Amino acid sequence: MSANEKLIRDLYASAEANAKDTAHFVSLFAQDGYFWDVSAGQKYYGQDIGLTVDVYAAAFPDMHRELYSLYESGDVIVVELSLNGTHRGDLPMSAGTLPATGKEIHAPCCDVFHLEDGKVKSFHCYVAVPILLGQLGVMGNLEAALKA
């Protein structure tokens, strides 16, 4: 296993609900690195990089990422995975907050990493949000499901 693959696997491990270590997750990024939640249209820098780890761990306390395939080309890593968990807490979204549904998700995701000097320079996360919302049972009427 290459050093770059080890870094990415370490990053995912630190975001798992059962071993969440947000500070370690953030420490794996370069000084000017960022995390881009593409589906939300939000980029995070500095300590804010860890916000999504905390949000998903609170909304899905059993959050687990199942890595299906990892592709490496130099300092670029692409990972196909799924986000898995049970929705037991509030999930803040750009349109509002979705209260716990008690339903499980197995949402497809693709992550693209650019690494530099042993750190994450950029992390672009592409979650299949329509599938995730469908699994939560709110896709047909998201507005009604959100807290005011």
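Attention in this report is confined to the structure presented alongside it. (Residues numbered from 1 in each chain as written. Predicted model: local features only at pLDDT ≥ 70, side-chain atom pairs only at ≥ 80, totals over all residues. Heavy atoms only, no water.)

### Thoughts on the sheet that holds strand β2 (residues 42-45)
Pairing between the strands of a sheet comes from backbone hydrogen bonds, and it takes one of two forms, parallel or antiparallel. The following threshold applies: Strand pairing is assigned whenever DSSP identifies at least 2 bridges connecting the two strands. Labels follow the DSSP assignment, with helices taken as runs of H or I lasting at least four residues and strands as runs of E lasting at least two, numbered in each case from the N terminus. Angles run from 0 to 180 degrees between N-to-C directions of axes, and those axes are lines fitted to C-alpha atoms, restricted for helices to the stretch in contact. Whether two residues are in contact is decided by their heavy atoms: any pair within 4.5 Å suffices.
Reading across the sheet, the six strands line up as β2-β1-β8-β7-β4-β3 and stay open at both edges, with mixed pairing between neighbours. The sheet is open, and its two edges are formed by β2 and β3 (64-73), each paired on a single side. Strand-to-strand twist across the sheet, computed as the mean angle between neighbouring axes with direction ignored, equals 20°. As paired strands, strand β7 (residues 104-116) and strand β8 (residues 119-127) are joined by eight bridges and run antiparallel to one another. For Leu115, the partnering residue across the bridge sits in β8 and is Val120. Contacts from helix α1 (residues 3-15) reach β1 (29-37), β3, β4 (76-86), β7 and β8 within the one sheet, and its direction differs from that of β3 by about 165°.

### Concerning the pattern of salt bridges
For clarity, the cut-off: The rule for a salt bridge is simple: a side-chain nitrogen of Lys or Arg has to be within 4 Å of a carboxyl oxygen of Asp or Glu. Accessible area is worked out with a 1.4 Å probe on protein chains only. A residue is then buried under 20% of its type maximum, exposed over 50%, and partly exposed in between.
Counted according to the given criterion, the structure contains five salt bridges. Between Glu16 and Arg65 there is a salt bridge; the shortest N-O distance is 3.3 Å. You can see Glu16 sitting in the loop between α1 and α2 (22-27) and its partner Arg65 sitting in strand β3, a full 49 residues away along the chain. Neither Glu16 nor Arg65 differs from the other in exposure class; each is buried. What emerges from the salt-bridge pattern is a single network uniting Asp32, Glu116 and Lys121.

On their own, these measurements won't tell you what the molecule is for.
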